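# Coordinate inspection notes
So you can see what is in the structure, the chains are spelled out below.
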Amino acid sequence: MEILIRDTPGEVALLGASILAGRIRRHPRSILGLATGRTPVRLYRELIRRHREEGLDFSGVTTFNLDEYVGLAPAHPQSYHRYMGEHFFDHVNAAPGSVHVPDGCASDLRAHCLDYERAIATAGGIDLQLLGIGSNGHIGFNEPTGSLRSRTWVKILSEKTLQDNASHFGSPGEQPRHVVTMGIGTILDARQCVVLACGAAKSHAVKAMIEGPVSAMCPASVLQMHPRTTVIVDREAAARLDHPEHYCWVESHQLEWQRHA
Ligand code: PGA
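Attention in this report is confined to the structure presented alongside it. Computed from a prediction, not measured in an experiment: that's the story for all the values here.

## Brief notes about the nonpolar core
- Core analysis: the biggest nonpolar cluster contains 71 residues, and L43, Y44, L47, F58, F88 and M209 have the highest contact counts within it.
- Broken down by element, the residue count for this core peaks at eight residues, all from helix α1 (residues 9–26).
- Those residues in contact with F58 that lie beyond four places of it in its chain are I24, L47, H51, F88, V92, N93, A94 and A95.

Have a look at this one:
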């Protein structure tokens, strides 16, 4: 893993955006895996700015989002379809037909999950997967104790994740407990992963992901087995790491061609 520690969430977002933008400029037909949640909001804002002010062109990219709530229609204010429109796609020039978000209202969810996997494979596989991490170590909505080789499927949210996201919903009854999510196996197939984490609430999960054993108790720890993962964290999220100076030392000694962005 490449571990990059930055002082603030703003710097984390800028660096993440630079990695994505660099990829898109070098490879305009990139296949991107995208994430939702609080963490990537600033990254999307920066990509929108680069689109408007620097001509960053999304017309050739194809995107696949990680997950969606079961039972929330695309127009629902808390759906990830809606999130992606509001925070990103309504402001850039990605072709609507090249944007994919799982459909949590599919009449046959199992068939939809298989179709989603097939669509990723048909597109040629994901070049760069953007990820957040849950306070319990989940990636996508792959919760602790799930299979580390899972594929896109319907999963049940843990109580911890329900608590973490409860503020987005008016009452517990409105909050879906089921999701469609890319599996860990799906995520591991991406040719490059970029994980963002900010804030003290993520510090335990970040430590387990980077320095813990590979374990289904922290699904993100499986990224230790991925050949090309960059983790970008702010000081608060990095606070429990045992070896921050080592990660900074490694970064400062990277050869030019090894650099992330
Ligand atoms: P957050 O979610 O960015 O809202 O903290 C991250 C995640 O659950 O993957």
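## Here we look at the side chain of E68
- Structurally, the position occupied by E68 is in strand β4 (residues 67–69).
- One buried charge, E68, has no salt-bridge partner; the nearest side chain with opposite charge is R82, at 10 Å.
- A distance of 2.9 Å separates a polar atom in the side chain of E68 from a polar atom in the side chain of H81.
- Residues in contact with E68, not counting those within four places in the same chain, are S79, Y80, H81, V101, P102, G104, V179 and V180.

## Description of the state of the cysteines
- Considering all chains together, one arrives at zero disulfides under this definition.
- Left unpaired, C193 is separated from the closest cysteine sulfur, that of C218, by 14 Å.
- In this structure C193 comes out as buried when scored by relative accessible area, which is 0%.
- Of all cysteine sulfurs, the one in C248 lies closest to C198, which takes part in no disulfide; the gap is 15 Å.

Cut-offs used in this document
Residues numbered from 1 in each chain as written. Predicted model: local features only at pLDDT ≥ 70, side-chain atom pairs only at ≥ 80, totals over all residues. Heavy atoms only, no water. Core = buried A, V, L, I, M, F, W, Y, C linked by side-chain atoms within 4.5 Å. Buried < 20%, exposed > 50% of the residue type's maximum accessible area, 1.4 Å probe, protein only. Helix = DSSP H or I, 4+ residues; strand = E, 2+ residues; numbered from the N terminus. Contact = heavy atoms within 4.5 Å. Lys, Arg positive; Asp, Glu negative; His and termini not counted. Salt bridge = Lys/Arg side-chain N within 4 Å of Asp/Glu carboxyl O. Polar contact = N/O pair within 3.5 Å; in protein donor to acceptor, adjacent residues only side chain to side chain. Disulfide = S-S within 2.5 Å.

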